[in-house]
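Okay, here's what each chain looks like letter by letter:
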Amino acid sequence: MVNEEKTRIMIKIAQYETDLGEKVINEGSCYKKDYIRSHMLSAMFNFSTAYILILVLAALYNIDYIFLNFVTINYVKLFFEIFVPYFLLIMFCAIISSIYFNDKYKKDREKIKKYYVELKRLEKYYSESGKEAMDDTITGA
Amino acid sequence: MTQLLVLREQLQKFYQKYTLVLNPLFRFITGYITFYAANRVVGYNPLLNQTWAEVITGCISMLFPVQVLLFLASVFIVLQIAYVSHYLAITTAMMFMVLYFIYIRFVPKHGLVVLAMPVLYALNIPYAMPVLMGLVSTPVSAVPIVTGVAVYYFLLDTVYVIGTSTEDTINLYKLVMQQLASDTQMYVSVFIFTIVTFIVYFIRERKADYAFEIAVVTGSFLNLILFLIVNYLMDININILQLLSGITISCVLVWVIQFFRLPLNYAGAENLQFEDDEYYYYVRAVPKMSISAARKKVKRFNTHHNAEEETGLESNIEQEDMDLKENKGIMPGHDFDFTVSLDKEDLEEIEKEN
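This is a predicted model, so every value here is computed, not measured.

## Side note on the overall build of chain B
When helices and strands are counted, chain B shows 14 helices and two strands. A total of 354 residues make up chain B; the buried ones form 36% of that total. Considering only contacts in chain B between residues 6 or more positions apart, those separated by 24 or more positions represent 68%. For chain B, the accessible area works out to roughly 21600 Å², and carbon and sulfur atoms hold 63% of it.

Right, here's the structure in full:
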């Protein structure tokens, strides 16, 4: 027999899973610090890769100048011209991403709380009816 | 209007009924249009510039989520450019990667707007995007629109430089960048689309009747006026006929999207006032327009107690009806649906009589 109450709970859980997405639900179990640090590192990696690519594109644009003045280029000055903006960019990226992901973590937690409430209801339902869920991935979490 | 609402209702029901089929179909159509547009802009490779290639790539994009389409389209464009210039293909791929790492990686939804802009340009309806984004999104959506415009003009300038050069050197990349930096049409488009997005958003946020519709018309009109003024002042060689037709189609397209998204009945608007402990509220509630499509319904009158027996009897009688139709050749026009259900007592009485 189909149990209406159980079906309703499971539909709600499935809706939350669809809305939130697997990634957000999985990250919901992370500690705040771990969550923010991992995303900060990811953002810094992305920006570093993009910066390197932009440098390569800039070098290709000025390829004629580089070949002509290969010996006379002041490499110490060039090093600072490249790394100072990079350092500033990474600092900026770290600050912005920590603020952004801190806020995102709070918002996601609020959403996930509702999802966990429904999961607990389902768990309670099973324990009250004397049947434990055989497969804990049955809702797709 | 009523007919349109009925059509909307029917289409929504049709979509709900066949979601499993329609979703992949829409993905295929989106993919096909994207690759068709890519071929119209940078169709160099004779192997890829074929209808069957567009269909196959459309089928591939049908199998993946919409986000993957962005990656596939980028690869497709790079392969097209690689046919004529390896250097330009490499630099184009690097630019797409930069775009991904610093922007689309963090806001994947914006990636679709970036992709849509060159596609809409190829279909001559780019004017729809700023109006639509102003209508459904926030002013931040001007950023992906501007990026999409830059991508389109980058491709256009790449085509121009390839067309005018005779040899494949790294200097082509420099020429493309110089051409892009001096492209007045790109700057004009960026400026106008940003203004239109802001204005449309500003109007649709007003608490006025028909704010959405006014926003669509004003946005389209603003597109037209600004492009005409800039064309007159700066002489940027805009085809007036194409501009007019593009803006008209865009306006109609956005209006249709708005109608299917959120039709409001301003005639039935209510102004409510109430209070709680802390505030006094002035609320204006505008009902959504909705209408139920007429539906034929056959009602069955049963007098029964036992559901299982009823089902058994009904199926028997229906089977008998089917048999009768087959044997006696009853025409479909005389197809009466009538069910008789009998109680246990009635059945016993009948059995006794027999």
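## So, the packing of aromatic side chains
Under the definition given, this model contains 30 aromatic pairs over all chains. Relative to Tyr86 of chain A, the ring of Tyr51 of chain A has its centre 5.3 Å away and its plane inclined at 45°; by these criteria the two rings are tilted. Residue Tyr51 of chain A is located in helix 3 (residues 32–61), and its partner Tyr86 of chain A is located in helix 5 (residues 75–128); the two are separated by 35 residues in the primary sequence. Judged by its relative accessible area of 16%, Tyr51 of chain A falls in the buried class. We classify Tyr86 of chain A as partly exposed; its relative accessible area is 25%. Seen from their ring centres, Tyr121 of chain B and Tyr153 of chain B are 5.7 Å apart, and the 80° between their planes marks the pair as edge-to-face. With a gap of 32 residues between them, Tyr121 of chain B in helix 6 (residues 108–122) and Tyr153 of chain B in helix 8 (residues 142–164) connect regions that are remote in the sequence. Since its relative accessible area comes to 13%, Tyr121 of chain B is described here as buried. Using a relative accessible area of 4% as the deciding quantity, one classes Tyr153 of chain B as buried. Among the aromatic side chains, those forming a connected cluster through ring pairs are Tyr121, Tyr127, Tyr152, Tyr153, Phe193 and Phe227 of chain B. Seen from the ring of Tyr36 of chain B, Arg40 of chain B lies directly overhead, with NZ or CZ sitting 4.5 Å from the centre.

## Section: the pattern of salt bridges
Here the idea is simple: oppositely charged side chains can pair when their charged atoms come close. Scanning the entire structure with this criterion turns up eight salt bridges over all chains. Glu110 of chain A is paired through a salt bridge with Lys113 of chain A; the nearest N and O atoms lie 3.8 Å apart. With a gap of three residues between them, Glu110 of chain A and Lys113 of chain A both fall in helix 5, about one helical turn apart. The partly exposed category is assigned to Glu110 of chain A, whose relative accessible area is 48%. On the basis of relative accessibility, which here comes to 49%, the residue Lys113 of chain A falls in the partly exposed class. Its salt-bridge partner being Arg40 of chain B, residue Glu54 of chain B comes within 3.8 Å of it at the nearest N-O pair. Separated by 14 residues along the polypeptide, Glu54 of chain B in helix 3 (residues 51–63) and Arg40 of chain B in helix 2 (residues 19–42) bring together distant segments of the chain. Residue classification places Arg40 of chain B among the partly exposed residues on the basis of a relative accessible area of 41%.

## Thoughts on empty space enclosed by the protein
Residue and element names in this part refer to chain A. Throughout the structure, instances matching the rule amount to one cavity of 30 Å³ or more. Empty space within the largest cavity amounts to approximately 30 Å³. Every residue along the wall of the largest cavity is listed here: Val24, Glu27, Gly28, Tyr35, Tyr105, Asp108, Arg109 and Ile112. If one sorts the elements of the lining of the largest cavity by residue count, helix 5 sits on top with four residues. Partitioned by chemical class, the residues of the lining of the largest cavity number four nonpolar, one polar and three charged.

## Notes on the nonpolar core
Core analysis: the largest hydrophobic core is formed by 77 residues, its most contacted members being Met129, Ile145, Val149, Ile192, Phe193 and Phe227 of chain B. With nine residues, the next largest nonpolar core counts Ile9, Ile25, Tyr115 and Leu122 of chain A among its residues.

## Re the pairing of strand 1 (residues 270–275) of chain B
Residues and elements named next belong to chain B. Counting buried residues in strand 1 gives zero out of six residues, a small share hidden from the surface. Examined bridge by bridge, strand 1 and strand 2 (residues 280–285) share six bridges and lie antiparallel to one another. Paired with Phe274 across the strands is Tyr281, a residue of strand 2. The hairpin formed by strand 1 and strand 2 contains four residues between the paired strands.

## Remarks on unusual backbone geometry
What is expected of a backbone is that most residues other than glycine have negative phi and most peptide bonds are trans. Residue and element names in this part refer to chain B. With a phi angle near 55°, Asp235 is a residue other than glycine that sits in the positive phi range. Along the chain, Asp235 turns up in the loop between helix 11 (211–234) and helix 12 (240–261). You can call Asp235 exposed: its relative accessible area is 56%. Although it is not a glycine, Asn237 sits at a positive phi angle of roughly 55°. Within the secondary structure layout, Asn237 lies in the loop between helix 11 and helix 12.

Each value, and the rule that gives it
Residues numbered from 1 in each chain as written. Chains lettered and ligands numbered in written order. Predicted model: local features only at pLDDT ≥ 70, side-chain atom pairs only at ≥ 80, totals over all residues. Heavy atoms only, no water. Helix = DSSP H or I, 4+ residues; strand = E, 2+ residues; numbered from the N terminus. Buried < 20%, exposed > 50% of the residue type's maximum accessible area, 1.4 Å probe, protein only. Contact = heavy atoms within 4.5 Å. Areas by Shrake-Rupley, 256 points an atom, 1.4 Å probe, with all protein chains shown as cover. Phe/Tyr/Trp six-rings, centres within 6.5 Å; stacked < 30°, edge-to-face > 60°. Lys NZ or Arg CZ within 6 Å of the ring centre and 35° of its normal. Salt bridge = Lys/Arg side-chain N within 4 Å of Asp/Glu carboxyl O. 1 Å grid on protein atoms, 1.4 Å probe; cavity = no way out; pocket = protein on both sides within 12 Å on 5 of 7 lines; lining within 4 Å. Points joined across faces, edges and corners; volume = space filled by probe spheres on them. Nonpolar A, V, L, I, M, F, W, Y, C, P; charged D, E, K, R; others polar. Core = buried A, V, L, I, M, F, W, Y, C linked by side-chain atoms within 4.5 Å. Pairing = 2+ DSSP bridges.

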